[in-house]
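As a plain string of letters, each chain reads:
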Amino acid sequence: GNSVTQMEGPVTLSEEAFLTINCTYTATGYPSLFWYVQYPGEGLQLLLKATKADDKGSNKGFEATYRKETTSFHLEKGSVQVSDSAVYFCALSLYNFNKFYFGSGTKLNVKP
Amino acid sequence: DVKVTQSSRYLVKRTGEKVFLECVQDMDHENMFWYRQDPGLGLRLIYFSYDVKMKEKGDIPEGYSVSREKKERFSLILESASTNQTSMYLCASSSGTVQETQYFGPGTRLLVL
């Protein structure tokens, strides 16, 4: 079947620390991969995406590389800020009506 | 900018009530989706629609129904609300192109007493 597994949170970091949130997937076919971010009290916003193997998605200092050989799409940021505190969701989509499969989310807390 | 709006941010209902959650998108998207979000479970797909008057069950359709009479509007209906339907409900839309980004509304937090 199709599924996404994310590291459990919460992840607590100090400002300017390096961030990695792990994401691995299982998919029948060739998915597109996404990271969404949810700030407190809001809906999900697209952070970045990658549509094929070895693509790198990037936005706002965040990066993730589509690794087909390890079925992974880990999210990284070199220096986090307090404003990055949010819940991060990894997701994949396939061809059937653009259905998405989401991970369970990882909460990030960044302390000043 | 794509805009997806949901009719209420917070809603309190009684067990057994019929509940309507409405979602409107302004980008002429073909696909619309309803999810519920619960702690530790992530987002689970309830129903989706790929065209007007078309609907497909998602992973957890029991206790819910949907209506899509117009392209821009997708309604989620709880026929007889129960306490286990207390949750955050998120609506999303996307274009008909495969593997396209889904755009989300702000969510409706529903409490069933």
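Below: a short report on this structure. Being a predicted model, the structure only gives us computed values, none of them experimental.

**Comments concerning the pattern of salt bridges**
Here comes step 1: The tally for this structure, following the rule as stated, stands at 10 salt bridges over all chains.
Here comes step 2: Taking the shortest distance from any N to any O, the salt bridge between Asp55(A) and Lys52(A) comes out at 3.4 Å.
Here comes step 3: Overall, Asp55(A) belongs to the partly exposed group, its relative accessible area being 22%.
Here comes step 4: Lys18(B) serves as the salt-bridge partner of Glu79(B), at 3.6 Å between the closest nitrogen and oxygen. With Glu79(B) in the loop between β8 (73–78) and β9 (87–94) and Lys18(B) in the loop between β2 (10–13) and β3 (19–25), this pair connects stretches of sequence that are 61 residues apart.
Here comes step 5: Taken together, the salt bridges that share partners define one network made up of Asp28(B), Glu30(B) and Lys71(B).

**So, the layout of surface pockets**
Here comes step 1: Computed from the structure, the largest pocket encloses a volume of approximately 530 Å³.
Here comes step 2: Taken together, 25 residues form the lining of the largest pocket, with Gln38(A), Val87(A), Phe89(A), Gln37(B) and Pro39(B) sitting closest to its centre.
Here comes step 3: Those elements giving two or more residues to the lining of the largest pocket turn out to be β10 (86–93) and β12 (106–111) of chain A together with β4 (31–38), β9 and β11 (108–112) of chain B.
Here comes step 4: With 4 residues, β12(A) is the single largest residue contributor to the lining of the largest pocket.
Here comes step 5: Taken together, the residues of the lining of the largest pocket break down into 10 nonpolar, 11 polar and 4 charged.

**Details of the pairing of strand β4 (residues 23–26) of chain A**
Residue and element names in this part refer to chain A.
Here comes step 1: The alternating pattern of β4 places Cys-23 and Tyr-25 on a buried face and Thr-24 and Thr-26 on a face that is not buried.
Here comes step 2: For strand β1 (residues 3–6) and β4, the ladder comprises 4 bridges, and the chain directions are antiparallel. For Val-4, the partnering residue across the bridge sits in β4 and is Tyr-25.

**A short note on the state of the cysteines**
Here comes step 1: The tally for this structure, following the rule as stated, stands at 2 disulfides over all chains.
Here comes step 2: Bridging Cys23(A) to Cys90(A), the disulfide has an S-S length of 2.0 Å. On the sign convention where negative means left-handed, the S-S torsion of about -70 degrees between Cys23(A) and Cys90(A) marks this disulfide as left-handed. Taken together, the residues span a long stretch of sequence, with Cys23(A) in strand β4 and Cys90(A) in strand β10 at a distance of 67 residues. The pair Cys23(A) / Cys90(A) is uniform in exposure class, with both members buried.
Here comes step 3: Through a disulfide, Cys23(B) is tied to Cys91(B); the S-S separation comes to 1.9 Å.

The rules behind the values
- Residues numbered from 1 in each chain as written.
- Chains lettered and ligands numbered in written order.
- Predicted model: local features only at pLDDT ≥ 70, side-chain atom pairs only at ≥ 80, totals over all residues.
- Heavy atoms only, no water.
- Salt bridge = Lys/Arg side-chain N within 4 Å of Asp/Glu carboxyl O.
- Buried < 20%, exposed > 50% of the residue type's maximum accessible area, 1.4 Å probe, protein only.
- Helix = DSSP H or I, 4+ residues; strand = E, 2+ residues; numbered from the N terminus.
- 1 Å grid on protein atoms, 1.4 Å probe; cavity = no way out; pocket = protein on both sides within 12 Å on 5 of 7 lines; lining within 4 Å.
- Points joined across faces, edges and corners; volume = space filled by probe spheres on them.
- Nonpolar A, V, L, I, M, F, W, Y, C, P; charged D, E, K, R; others polar.
- Pairing = 2+ DSSP bridges.
- Disulfide = S-S within 2.5 Å.

Honestly, that's just the spatial picture; any functional story needs more than this.
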